[in-house]
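Overview (structure and organization)
Spelled out, the chains give:
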Amino acid sequence: MTDGDSGGNRKTRTHPGEIVGRAVSGILAAGVTLGIGELLAVAVGTSSSPFLAVGSTTVDRSPAWAREFAIDTFGTSDKPALFIGMSILIVVLAAVAGIVERTHRPYGSAILLALGVVGVYAALTRPDATAAHALPTVVGVAAGIVVLRVLTRRYRSADAADPSRDGMSRRSFLVLAGTAAAVAVTTAAVGRHLAETVAGSVRNRLGFVLPTVAAADRAPAIPAGADVATPGATPYVTPNGDFYRIDTALRVPTLTTDDWTLRIHGMVDREITLGWDDLVARTPVERAVTLTCVSNQVGGDLAGNAVWIGYPIADLLDEVGVSADADMLLSTSSDGFTAGTPISALRDGRDAILAVAMNGEPLPFEHGYPVRQVVPGLYGYVSATKWVVDWEITRFDRAQAYWTRRGWAEQAPIKTASRIDVPAALGRVDAGTVTVAGTAWAQHRGISRVEVRVDNEPWQDATLTPEYSIDTWRQWTWQWQATAGTHTLQVRATDAAGEVQTEDRADPVPDGATGWHSRSVTVV
Ligand SMILES: Nc1nc2c(c(=O)[nH]1)N[C@H]1C(S)=C(S)[C@@H](COP(=O)(O)O)O[C@H]1N2
Ligand SMILES: [Mo]
């Protein structure tokens, strides 16, 4: 077909520019939907935002393998990765809706409506949902459909009309599209901004006064020698800003000490609800404890050590009178995450606390402000509930916690682990004496020995730093007489009970990874 032939056929010919215009119309309509949803969610409740509700539901519906995949692939950037994935999907569907609405009205609108149904379903099934939580999505989708219809109609009348008027209509399309874009961006931005400041939680945290810990209840000072102080090694205490973060919260809960309460109920003699003043009227203790995530791979960095201030959990359990039949503390966060902790572990004398401070600061919002649990020796998913607001005293044969329902183990003590931190992965070093350094942990049992070997030669004892506590990790160094070539370093630890870390490789699912960490190093 020549250009001349197509001239008489212009009504059925589609300019590539027009396709783009229609796709943009669909994307803008979706943007208006999400922006308005975000803004209305400030009034209705954070979890009613359609984007967040769908994201959170996706997270909650993920089985153990999906969490493993996300953490292994994206690490602690799993949330941005999910947001980007969702955004790409929405942009594609919205673009299709825009293209289709022009030729097959109202199928484009129907696509937006279908997305709205998904949003409403997600918003109404969030743990804290009320009927009003449908509102941001419903209003957002209605506005989006209006935008889609207006933008696709304007553009259509343009090309049906006299070609000489095409430019003017294009201009009015651009004006309308620009307006829609402005509405989408401002509503989303204002919504986000209000959500973060309206709660007053930032101000509340700034005004937080750290509890004063009596000298006898303070954590012993960390001896200088506990830290191997080798360039590239892990600092003994993890700064808050570097502490790994793992949770299911797509928007960090922003509670205040004013609205925080902890309801303790279930198999107890006396149900109570603690307010902030009741909590801080107790005697605080300060303890260093190393947290570890069950998803940590051999050699991974989902572990961190902090000095916490908090209130002993065992005292609170004594106060409410726990039934002798109960064996689980089911703790719930403000956003509906749950952990099931064995009551025996909470009452066996270890320093299980309701923590309010981390390394001399109020808890960062990401780490549970204003109150989280810290239980030495247990992986985070069964013990370390952040933003904790509810305790049910129950039994393992009656209740199932969040990750247990998704395929992870009910009981999850931390497994003995050791890691080479220096030399760096795939590092190059000069031949001669090379300092190899790393970290080992077996919380609440303690580390008694770390061994290193090169290229499967006999194991050599590493030098351990002084033990700070059995609840914290321990560092080690080993001097290697390195010769030119590529070598494989391996490490294994022995806990204080004499149990050598197993060589058997196991995946994190269902109760933590095992195996020896090895690292390949090129010596030049
Ligand atoms: N509310 C809430 N608390 C939670 C989680 C969560 O998803 N939600 N994840 C747990 C897991 S799996 C771990 S490993 C620790 C991580 O604590 P951190 O983010 O302070 O390092 O928090 C635990 N507490
Ligand atoms: Mo975890």
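What counts, and where the lines are drawn
- Residues numbered from 1 in each chain as written.
- Chains lettered and ligands numbered in written order.
- Predicted model: local features only at pLDDT ≥ 70, side-chain atom pairs only at ≥ 80, totals over all residues.
- Heavy atoms only, no water.
- Helix = DSSP H or I, 4+ residues; strand = E, 2+ residues; numbered from the N terminus.
- Buried < 20%, exposed > 50% of the residue type's maximum accessible area, 1.4 Å probe, protein only.
- Areas by Shrake-Rupley, 256 points an atom, 1.4 Å probe, with all protein chains shown as cover.
- UniProt positions renumbered as here; feature names shortened; annotations may be inferred.
- Near = heavy atom within 4 Å.
- Polar contact = N/O pair within 3.5 Å; in protein donor to acceptor, adjacent residues only side chain to side chain.
- Nonpolar A, V, L, I, M, F, W, Y, C, P; charged D, E, K, R; others polar.
- Expected span 1.5 Å × (residues − 1).
- Domains from an automatic or database assignment.
- Contact = heavy atoms within 4.5 Å.
- Salt bridge = Lys/Arg side-chain N within 4 Å of Asp/Glu carboxyl O.

Overview of the overall build of the protein chain
In terms of helices and strands, the protein chain carries 12 helices and 19 strands. In terms of its C-alpha atoms, the protein chain occupies a principal-axis envelope of roughly 90 × 70 × 40 Å. The buried share of the protein chain, taken over its 524 residues, is 52%. Put simply, the protein chain shows about 23200 Å² of open surface, and 58% of that area lies on carbon and sulfur atoms.

Some details on the UniProt feature "transmembrane region" (unreviewed entry) in the protein chain
Mapped onto this numbering, the UniProt entry annotates "transmembrane region" (unreviewed entry) at residues 19-44, 81-100, 107-124, 130-152 and 173-195. What you have in residues 19-44 is 100% helix and 0% strand, and the ends, taken at the C-alpha atoms, are 37 Å apart. Helix makes up 78% of residues 130-152 and strand makes up 0%, while its end C-alpha atoms are separated by 35 Å.

Section: the site of ligand 1
With respect to spatial proximity, 19 residues lie near ligand 1, and among them Tyr244, Thr248, His367, Arg372 and Lys386 are the closest. Within the side chain of Arg372, one N or O atom sits 2.7 Å away from an oxygen atom of ligand 1. In this structure, Lys386 approaches ligand 1 through a side-chain N or O atom, which is 2.5 Å from an oxygen atom. Against a free-state accessible area of 530 Å², the protein chains account for coverage of 100% of ligand 1. Of the residues in the shell around ligand 1, the class split is eight nonpolar, five polar and six charged.

Re helix α5 (residues 78-103)
Taking 1.5 Å of rise per residue, 26 residues should cover 38 Å, and α5 covers 39 Å from first to last C-alpha, within 8% of that figure. Residues Asp78, Lys79, Ala81, Met86, Ile90, Ala94, Ala95, Ala97, Gly98, Glu101 and Arg102 constitute the buried set of α5.

Regarding the domain arrangement of the protein chain
On domain assignment, one finds that the protein chain holds domain 1 (16-197), domain 2 (216-406) and domain 3 (417-523). Measuring from the centre of the C-alpha atoms in domain 2 to the corresponding centre in domain 3 gives 28 Å. Taken together, the contacts link 39 residues of domain 2 with 28 residues of domain 3. Linking domain 2 with domain 3 are zero salt bridges, by the criterion used here. Those elements giving two or more residues to the side of domain 2 that touches domain 3 turn out to be β3 (285-292) and β4 (303-312). With five residues, the top contributor of residues to the side of domain 2 that touches domain 3 is β3. Among the residues making up the side of domain 2 that touches domain 3, the classes are represented as 20 nonpolar, 15 polar and four charged.

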